[in-house]
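# Working through the structure, step by step
Chain by chain, the residues run as shown.
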Amino acid sequence: MPYTPSGFFCDRLIRERERRDGEGSLNKPLRFNGQDFCFQRQECLQTKNLFEDESFPATVESLGFKELGHKSNKVKNIVWKRPKEICENPQFIVGGASRTDICQGDLGDCWLLAAIACLTLNEKLLYRVVPQEQSFSEGYAGIFHFQFWRYGDWVDVVIDDRIPTFNNQLVFTKSAERNEFWSALLEKAYAKLHGSYEALKGGNTTEAMEDFTGGVTEFYEMKEAPKELYKIMKKALERGSLMGCSIDSLVPARFETRTVTGLVKGHAYSVTAVEECKPSQHKDNKVRLVRLRNPWGQVEWNGPWSDNSKEWTSLSKSEKEKLQHQSAEDGDCEMWIPTTRFSTKMSFEDFKKNYTKIEICNLTPDALEDDKIHKWTVSVNEGRWVRGCSAGGCRNYPDTFWTNPQYRLRLLEEDDDPEDNEVGCTFVVALMQKNRRKERKMGANLFTIGFAIYEVSRLMHGNKQHMQKDFFLFNSSKARCKSYINLREVTQRFRLTPGEYVIIPSTYEPHQEGEFILRVFSEKKNTSEEIENRIEADHPVPAPASAGEESEEDQQFRTIFQEIAGEDMEITANELKNVLNRVITKHKDLNTEGFSLESCRSMIALMDMDGTGRLNLQEFRHLWNKIKQWQGIFKHYNADQSGSINSYEMRNAVNDAGFRLNNQLYDIITMRYANENMNIDFDSFISCLVRLEAMFRAFQAFDQDGDGTIRLSVLEVSGEAFSLHSNSLNTDKL
């Protein structure tokens, strides 16, 4: 029976979550760089010193690394100043935060500013990112803070109020009001989160929207919109999602131009409602309307169903009240546009005719306090691709694709209102790569990423083992992302029947190393978790060699052993090294330089049953039987006789040797034993298996009650670590 030390290795992320004790939520955000806003502000007030942020100093390093780096002429005349040095009577917010508070400076971060502008339309969300009760008067100490969602956690980012200026003017984001600074300070905090101002150059509005809300964004081109787009929009609004639409312009967005119908190209609108009405002349048919908000507050739609248009006269009083129709003097800058005329067969003609794209930012349950809102069910998994181990690339690379991290998804309940009587579960998969923007200064670029979804047969339900290569060779994907793309996040909506599935996130090319977060949003309950093999071994302790007629090889070893061991018939680590290498060098197909002294010490620590620090003939025979078994496995995967096996093949080789490990351990093995070409030679292969054997054996010795969980004192941990390197510790007494 396999022996399973289930408590020996715990997932690093689970341990961190438990240790946080609820930290990382909106109500208890993590302290970025360990900085506590309240404590540090109070300290500054007591010492009467203005806060200076040493973790994001007023230096070139905080500006950038290339175009804003030391060698750039752009930074020579930049002076960091506090608002009180820039103008009289500086204010944090003047008359409420609005779109006009955000004016772009000399930094290509319009994507960020557009997201900030959208945030001003929702005060509840805005003041989660921009905590209130900050000012330049009462309690002022030169310190401010902002909160962002960062890869599954909310973080509180502390900054000082020194801002880059040139000729006493703000270099980057500024407000139309010269004495208003909330948007400039928000930009600085976001720059600190990513390492520098320059790191913010170039991006996608959805990226910032997600960092402001913790949501997941869907993007639709109107030309390719799904037939159920109206339903998607309606449900999104019921869940409190943020939604915007726009009209593409051939000229840069700053040259916003008005169409004859009153709409503006290159300009973002917010979708605030979708409703159905039933005009009297349409009899049994309904008209679907979309209500839009123009942040400009002046320019409005003048086509059908605009304010005071004749279409409103066809509605009954009750219908008008339901739509809460307001006249042109409503002051709310909102307008209704029809999305369906006369028949559902002409769905979204007007809306699709005028707008080119729509973005929906679905919010997570923790961001929605209203219990009346229909909330998503969300599951979150963090993972990483490790070169040579779990960075297998896309399906185009079948030899390594299966080694990617795998996540079991269980869709448990059907939608409440199935489309066209078709049974199914609606869910959104979002794959986000982490830290690439922050690592730009080290040359990092966004990977091209994507994912595929495979259905698990009923016979395999509940199977928690990592799917092997053959599964993907003989099964096609049930669904997959539309394309692999070099964005921070790839998102797509699906509808599948209830059941079990496996999601495989990957980079397009293999061997690309990075971290990611995989989120699944579903209308009904779902569970998703990484498929982690149970850590177990078939035979943690070598079986004694059976007595019987010796083979020619055994006789040869006895002779060699007697020659080296001498009269005491025991050998040391150095002597073991000589014995093994005299025989191994005869195996030309292994192409090895022989065993190292370190490997031989580990072997003695494993096989020294009587605690002498040496091996007698019987112990040596046990060891050699193991080596012969492992040598056969190595030769099987060394089919090309190169003398080494690929690190991806190491998974199967370790499995054939009787060990089942989780992804974290496979990662460790690759980093410890593979060379720069991600290959593992014979010496490293044997050393790895020796250490695995010793680990399971030691664990079994400590696990007296056999429950798969142990507790170790510092002395015991030290003794176990030493046993893996020592040739004198009696491991039989651990």
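This one's a predicted model, so the numbers in the text were calculated from it and none came from an experiment.

### Concerning the pattern of salt bridges
A complete count under the given rule lists 28 salt bridges for this structure. A salt bridge links Asp 415 to Arg 495; the nearest nitrogen and oxygen atoms lie 3.5 Å apart. In this pair, Asp 415 is assigned in the loop between β16 (407–411) and β17 (425–433) and Arg 495 in strand β20 (residues 489–496), connecting sequence segments 80 residues apart. Here Asp 415 falls in the buried class, since its relative accessible area comes to 6%. Overall, Arg 495 belongs to the partly exposed group, its relative accessible area being 27%. Between Glu 489 and Arg 519 there is a salt bridge whose closest N-O contact spans 3.1 Å. Highlighted residues: Glu 489 in strand β20 and Arg 519 in strand β22 (residues 514–522), separated in sequence by 30 residues. Here Glu 489 and Arg 519 have matching classes, each one buried. Through salt bridges with shared partners, a single network forms among Glu 210, Asp 211, Arg 488, Glu 489 and Arg 519.

### Details of the packing of helix α16 (residues 597–607) against helix α20 (residues 682–702)
Relative orientation of the contacting elements α16 and α20 amounts to 30°, with a least axis distance of 10 Å. Classed by the angle they form, the pair α16 and α20 counts as roughly parallel. By crossing handedness, the relation of α16 to α20 is classed as left-handed. Packed against α16, whose contacting residues are Glu 598, Ser 599, Ser 602, Met 603, Ala 605, Leu 606 and Met 607, the element α20 presents Asp 683, Ile 686, Ser 687, Val 690, Arg 691, Glu 693, Ala 694 and Arg 697 at the interface. Its residues assigned to classes, the contact of α16 with α20 comprises seven nonpolar, three polar and five charged.

### Description of the UniProt feature "domain: EF-hand" (unreviewed entry) in the protein chain
Using the residue numbers shown here, the UniProt feature "domain: EF-hand" (unreviewed entry) corresponds to residues 625–660. Taken as a whole, residues 625–660 contains 56% helix and 14% strand, while its terminal C-alpha atoms sit 21 Å from one another.

### Concerning the sheet that holds strand β5 (residues 163–166)
Read from one edge of the open sheet, three strands run β2-β5-β6, paired in antiparallel fashion. Edge strands, defined here as strands with exactly one partner in the open sheet, are β2 (79–81) and β6 (169–170). Bridging between β5 and β6 involves two bridges; their strand directions are antiparallel. By the bridge assignment for β6, Phe 166 is matched with Gln 169.

How each quantity is defined
Residues numbered from 1 in each chain as written. Predicted model: local features only at pLDDT ≥ 70, side-chain atom pairs only at ≥ 80, totals over all residues. Heavy atoms only, no water. Salt bridge = Lys/Arg side-chain N within 4 Å of Asp/Glu carboxyl O. Helix = DSSP H or I, 4+ residues; strand = E, 2+ residues; numbered from the N terminus. Buried < 20%, exposed > 50% of the residue type's maximum accessible area, 1.4 Å probe, protein only. Axes fitted to C-alpha atoms, helices over the stretch in contact; angles between N-to-C directions. Parallel < 35°, antiparallel > 145°, perpendicular 65-115°, else oblique. Left-handed = near helix turned anticlockwise from the far one by under 90°. Contact = heavy atoms within 4.5 Å. Nonpolar A, V, L, I, M, F, W, Y, C, P; charged D, E, K, R; others polar. UniProt positions renumbered as here; feature names shortened; annotations may be inferred. Pairing = 2+ DSSP bridges.

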